[in-house]
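Chain by chain, the residues:
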Amino acid sequence: MVSRFFVPITAVLSSLTVLFLAASPPTLAQDFASNLVIESTGRATTVTVVEAWAGAPDLTYALVPRGTPVPAPPPGATQYAAVITTPVRRVVSLATTNIPHLRDLGALSTLVAVDTGDYVYDSQVLERIASGQIRQVSSGGAIDLERVIALQPDVVLITAFGPDDSVMSRLRQAGIPTMVIADWREADPLGRAEWLRLFGALLDRNDQAQQLLQDRAQRYLTLRDRIAREVAAAGGRRPTVMANGPWQGQWPVPAGESYMARLFADAGGRYLWEDTTGSGSLFLDMEVVLARAAQADFWINLNFDWFTLEDVRRADGRLTAFAPFRNGSMYHHIRRVRPSGANDFWESGLSRPDVILQDLAWILHGPGVAGTSQPTYYSRIR
Amino acid sequence: MITLQELRLGYGSGPDVLVVHEAMELPEHALISLIGPNGGGKTTLLRCAAGLLKPRGGTVRLRGEPLYGPGAISRDRRARVMAVVLTETVFPAYLRVRELVSLGRLPYGGRDSDAAIQRALAYTESEYLARRYVGSLSDGERQRVMVARALAQEPEILLLDEPTSHLDPPHQTALFQLLRCLVESRVIETAVIATHQLHLALYFSDLLVLVNRSVRQGTTTELTESGAVAATFAPHTNLGLDTHRGWFVPEAPLQS
Amino acid sequence: MKTSLPLRLIMLVPVLAASVLLALVLGSVPLPPKDVLVALFASVSPGEEFSLATVIVQQVRLPRVLTAAGAGGALALAGLLMQTVFRNPLAGPGVLGVNAGAGLGVAFVILAGVGAGLAAPTVTAAIAGAMAVLVVVMIVHQVVQQPVVVLVLGLLFGYAASAITTILLAGSAVDGLERYVQWSFGSFALAPGAGPLTLLLATLVITVPLTVVAPRLDALLLGSSYAESLGIHAQRLERTLLLTAGVLTGIVTALTGPISFLGVAVPHIARGYLHTSRHRLLVPTTVLIGAILAILADLLARLPGSEATLPLNAVLAVLGVPVVLIVVLRPRQGGVQT
């Protein structure tokens, strides 16, 4: 009896709350992320993942504390993409980028499974995989649904590329809550780092997440401003930067509005394709790259299998024509890698744009400006 | 039995292969050979008469009923009157002779199959082959079995396209003999054979149809004695037809 | 001892049942066979709590087995029809270029981002691509009336589709690439929603009328002229069979990815098993063997007892090639034929 009345009452209340919220700023400020919206209404929180893939509808998730009823869906949505009971105790993560968030919030013990340990850098996670505390639910590139279901997770963090993502739909049928993580869609480095906030909400550690995030943003912005001042003091000259390497006949470079392009710019570099639009990659011919970048000051980010200058020469003799090759100013994020191919740049690095920016400052302007004697992720290629 | 009128035959968008201005008839109680040079249109004419090639112009009638066009005889009925032995030699991996012959019963929806199949095998003296796979037969055996398959349709007319081309001489003769027998014993009313075996055609046929882009029809004696047979094949060479043996020989004696 | 042919067909039914049971009982999560059987027949009403075994059996293993059975049967049947129509032992579901068309459709969605707003873009695009190719093939077949031209055309479609797919791959981001490669591996595990059951029913619904018209298919083996002379409208029959095979292949490719090897191999295995080319028994036998092989290959791909899985297409090929070789090379009459 009670619940029969309770549901409509909460529905009315929550719609009133929404009306009220429309007039006042949400309780958790959103600063940089464009694909993530977190709203707290009373005890329940809704998380909306925007444009999880190109043309995706808003995916709205209800994060409901254990033992409280599920609030009515937001206006406009007929139902939640999933209802997740918080704080989550059993998490399955199908992407390595979720690991640093869980670790930084001290919640690695909630991680019960990853897709595969092959690309994991984090040593604690690797130990837990070895000891069987964390299971691997994918092999041969495919997710084994029955192993996921058997783990009875509170949430499975997936990467979906379309509404018919089969892992998502099959897990939903099996009654397992999934959540689409679309951090990779963020072109803003701080925006991507901000997905930590989602894990704060999932783990009920909002304040801790907020604190970490604020520190990182602060460090990033302070360093960016300091670099800008240094560049201005040096007469405004910014060193030129080229990126990546030829791959199967094409040379993909980050477009002018992409994640790496923004980092290069904030690090006071003149990225040679900063005038292009788009947040993805441009696929260029080597001639075009030569024409624009033969005299570049720095060459940052290389092919995954280049560790020495000799590797570069062997890949294509023509690459020695680029000035950074001859001047020894080629840098790659290979300081933290494992023989399996795991690279911490793609793991913790994505949650620490402040550290990447520091590395880039170290490369482009030296230890003084960077404020560190050693980069974290990058090494010079010899 | 079959009457053909003012035919114009060809394939696809190609030129006419054969044009027949007059009316011609393939009568009952006869073994009829279609004779003529390569590319003259024997196969084309045979396929048209069999209901397998729609003419560009003209009409083909089976006992007065049109084979093509509006009011044409139904496919099933046509298949119960006419059967063919063609040059195609694609054979399935696992098909036994009896099964192949039983395909001839399709136009009857499988009615009275066993008796008809048995008779067809008996006429062609191939009962002993019944359980063999078609792929294991010799060329001679296979051709007999293909005739048996056609006979299982209990047709009135049997049309054969170069049935002897892969056979050795005794088997060639034996096949013509079989067809002659079938006509004489009234198992079939008419046999129409497109063939290059001029000697066998002259020996066994009641009627000849000379096919070389046009058509001329007559009895064997008529056409050989008038020189029409020789003219169909070799109008401008120094070869002459030995009308008794059915061979072309040089007109000048051989130098020894 | 000689067993009669219908008996040989019937003997496959318990084998299929055993394969299905095996595939339901064996999985990466160990479940006692008794629990599996209970779970299989447990009725689940919405909102009710149910056991882990029930979820795994009903939501994971059963759809997977149904998909494998349906896809295996459908592809084998499509392959048989193609071999019959083209009288070519190497013909298979792929010869019309239908799965290349499906692959191209998927490539457009995954790599070029076309139609990302659709409810089920991958399946929709695969079906659209497959049907587009099929329509063109049918029109060409209508115009030229020669099976061999259709065969060449299908081959060309295949090349063209792969070429365009490669172009799309060359300019695509890593995530799209990975997704496409994943799709091209093929899988029975992820057919969405009502897909598995639809596939199985479609296969069964098509098998029955084909068994009825089986003698006409036998006649087609002699060539279309012989078929015509037997009163069959050969071109119409060929067209119907091409369309049937194309639709089956399109649906399967859309739901499971390109798994076409099965379609070439199984008809040969079925002929070798029955020692007949007659379709009345060959059609159902091909469907059954296709279903059994697909279920077993899928089981092998999952390597029960280990946590590793292999790409299904690789397993099918590794499993299928020796079987076909044994069947084809075994001394018998007639060589490799349809």
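None of these values were measured; they are calculated from a predicted model. Chains are numbered independently. Their residues run from 1 in the order of the written sequence. Chains and ligands are labelled by the order in which they are written, letters from A for the one and numbers from 1 for the other. Local features are withheld for residues below a pLDDT of 70 in this predicted model, meaning they are given only at 70 or higher, and side-chain atom pairs are given and counted only at 80 or more; totals for whole chains, interfaces and linings count all residues. Side-chain numbers come from the whole structure's heavy atoms, not from hydrogens or water.

Enquirer: Sorry if this is basic, but what is going on with the confidence of the model for chain A here?
Expert: Predicted coordinates in areas of low pLDDT are best not read in detail. pLDDT expresses, on a scale from 0 to 100, how confident the predictor is about each individual residue. On average, residues of chain A score 86 in pLDDT, and 90% of them are at 70 or above. Contacts for the low-pLDDT stretch residues 1–29 of chain A, under 50 throughout, to residues beyond four places or in other chains number twelve contacts. Pairs of residues are marked as contacts when any of their non-hydrogen atoms sit within 4.5 Å.

Enquirer: Help me understand the pattern of salt bridges in this model?
Expert: Should their charged atoms come close, side chains of opposite charge can pair. Note on definitions: salt bridges are taken to be side-chain nitrogens of Lys or Arg within 4 Å of carboxyl oxygens of Asp or Glu. Scanning the model with the defined rule gives 37 salt bridges over all chains in all. Between Glu146(A) and Arg61(C) there is a salt bridge whose closest N-O contact spans 2.3 Å. Separated into two different chains, Glu146(A) in helix H4 (residues 145–150) and Arg61(C) in helix H3 (residues 52–86) make up a pair that spans both. Of the two residues, Glu146(A) and Arg61(C), both sit in the buried class. Here Glu228(C) and Arg75(B) are joined by a salt bridge, their closest N and O atoms 2.7 Å apart. With Glu228(C) in helix H10 (residues 224–229) and Arg75(B) in helix H2 (residues 75–81), this pair bridges two chains. A relative accessible area of 17% places Glu228(C) in the buried class. Salt bridges linked by common partners bring Arg103(A), Asp104(A), Asp122(A) and Arg216(A) together as one network. Think of it this way: any DSSP run of H or I at least four residues long counts as a helix, any run of E at least two long counts as a strand, and we number them from the N terminus. Exposure is judged per residue with a 1.4 Å probe applied to protein chains only, and the accessible area is read against the type maximum: over 50% gives exposed, under 20% gives buried, and values in between give partly exposed.

Enquirer: For this particular structure, what's the right way to read the layout of surface pockets?
Expert: A probe as big as a water molecule, rolled over the atoms, marks out the empty space that is left. By volume, the second largest pocket amounts to about 1200 Å³. A 1.4 Å probe that fits but cannot get out identifies a cavity on a 1 Å grid over protein atoms alone, an open set with protein on both sides within 12 Å along at least five of seven lines counts as a pocket, and a residue lines either if it has an atom within 4 Å of a point. Lining the second largest pocket are 33 residues, with Arg47(B), Leu52(B), Leu53(B), Gln145(C) and Glu228(C) positioned closest to its centre. Elements with a minimum of two residues in the lining of the second largest pocket: H2 of chain B together with helix H5 (121–144), H10 and helix H11 (234–256) of chain C. Under this grouping Gly is polar, as are all residues other than the nonpolar Ala, Val, Leu, Ile, Met, Phe, Trp, Tyr, Cys and Pro and the charged Asp, Glu, Lys and Arg. For the lining of the second largest pocket, the residue count by class is twelve nonpolar, twelve polar and nine charged. Grid points are joined across faces, edges and corners, and a volume is the space filled by probe spheres set on the points.

Enquirer: Looking at this model, I keep getting lost on the sheet that holds strand S10 (residues 207–211) of chain B. Mind explaining?
Expert: Paired through their backbone hydrogen bonds, the strands of a sheet run either parallel or antiparallel. All names here are of chain B. Ordered in space as S7-S8-S9-S4-S10-S11, the six strands form an open sheet in which the pairing is mixed. A single partner strand is all that each edge strand has here, and the edge strands are strand S7 (82–85) and strand S11 (215–219). This sheet shows a mean twist of 15° between the axes of neighbouring strands, independent of strand direction. Every axis in this analysis is a line fitted to C-alpha atoms, fitted for helices over the stretch in contact. Angles between the N-to-C directions lie between 0 and 180 degrees. Here helix H5 (residues 139–151) sits on the sheet and contacts S7 and strand S8 (157–161); the angle it forms with S7, its principal contact strand, is near 165°. The sheet strands contacting helix H6 (residues 169–184) are strand S4 (30–35), S8 and strand S9 (190–194), and the helix crosses S4 at an angle near 140°. Being paired, for any two strands, means DSSP has found at least two bridges between them.

Enquirer: Any chance you could explain the interface of chain C and chain B here in plain terms?
Expert: Accessible area lost upon the coming together of the parts serves often as the stated size of an interface. Listed as interface residues are 28 residues of chain C and, on the opposing side, 30 residues of chain B. We define buried area as the total accessible area lost by two parts upon association, computed with a 1.4 Å probe and summed across both. Across the chain C to chain B interface the summed buried area is about 2600 Å²; carbon plus sulfur atoms make up 59%. When the buried area of chain C at its contact with chain B is split by residue, Leu222(C), Tyr226(C) and Leu230(C) rank highest and sum to 27% of it. At the boundary of chain C with chain B, the tally comes to one salt bridge. Counted as a polar contact is a pair of N or O atoms within 3.5 Å, where, for protein atoms, one must be capable of donating a hydrogen and the other of accepting one, and residues adjacent in sequence contribute only when both atoms are in side chains. Counting across the interface, chain C meets chain B through nine residue pairs in polar contact (both at pLDDT 80 or more). Mapped by element, the contributors of at least two residues to the side of chain C that touches chain B are helix H9 (214–220), H10 and helix H12 (261–274) of chain C.

Enquirer: For this particular structure, what's the right way to read empty space enclosed by the protein?
Expert: Residue and element names in this part refer to chain B. Counted according to the given criterion, the structure contains six cavities of 30 Å³ or more. The calculated volume of the largest cavity comes to roughly 140 Å³. The wall of the largest cavity is formed by 16 residues, among which Leu-86, Thr-89, Arg-142, Gln-143 and His-166 lie closest to the centre. Considering each element in turn, the lining of the largest cavity owes the most residues, four residues, to H5.

Enquirer: How should I be thinking about the environment of Ala317(C) in this particular structure?
Expert: All names here are of chain C. Inspection of the secondary structure assignment puts Ala-317 in helix H14 (residues 312–329). Measuring from C-alpha to C-alpha, the distance between Ala-317 and Ala-265 comes to 9.4 Å, with 52 residues separating the pair along the chain. If we skip the residues at most four places from it in the chain, Ala-317 touches Phe-261 and Pro-322.

Enquirer: Explain the pairing of strand S3 (residues 59–65) of chain A to me, please; I cannot follow it from the model alone.
Expert: Residues in a regular strand point their side chains to alternate faces of the sheet. Residues and elements named next belong to chain A. With seven of its seven residues buried, S3 lies for the most part within the structure. Of the two faces of S3, the one lined by Leu-59, Tyr-61, Leu-63 and Pro-65 and the one lined by Thr-60, Ala-62 and Val-64 are each fully buried. Of the pairings in the sheet, the one linking strand S2 (residues 44–49) to S3 comprises five bridges and is antiparallel in character. Residue pairing for S3: Thr-48 is matched across the bridge by Thr-60. Two strands pair when backbone bridges link them, and S3 and strand S4 (residues 82–86) are joined in this way by five bridges, in the parallel orientation. Paired with Val-64 across the two strands is Thr-85, which belongs to S4.

Enquirer: Which parts of the structure should I look at to understand the side chain of Gln83(C)?
Expert: Residue and element names in this part refer to chain C. Among the secondary structure elements, Gln-83 is positioned in helix H3. Among the residues examined, Gln-83 registers a relative accessible area of 0% and is labelled buried. A distance of 3.0 Å separates the side chain of Gln-83 from the backbone oxygen of Ala-91, its partner in a polar contact. Only 3.2 Å separates the side chain of Gln-83 from the backbone oxygen of Val-264, close enough to count as a polar contact.

Enquirer: Explanation requested: the arrangement of the chains in the structure shown.
Expert: There are two pairs of chains in contact here; the most contacts are made by chains B and C. One finds no contact between chain A and chain B; the C-alpha atoms of the two approach each other to within 39 Å at their closest.

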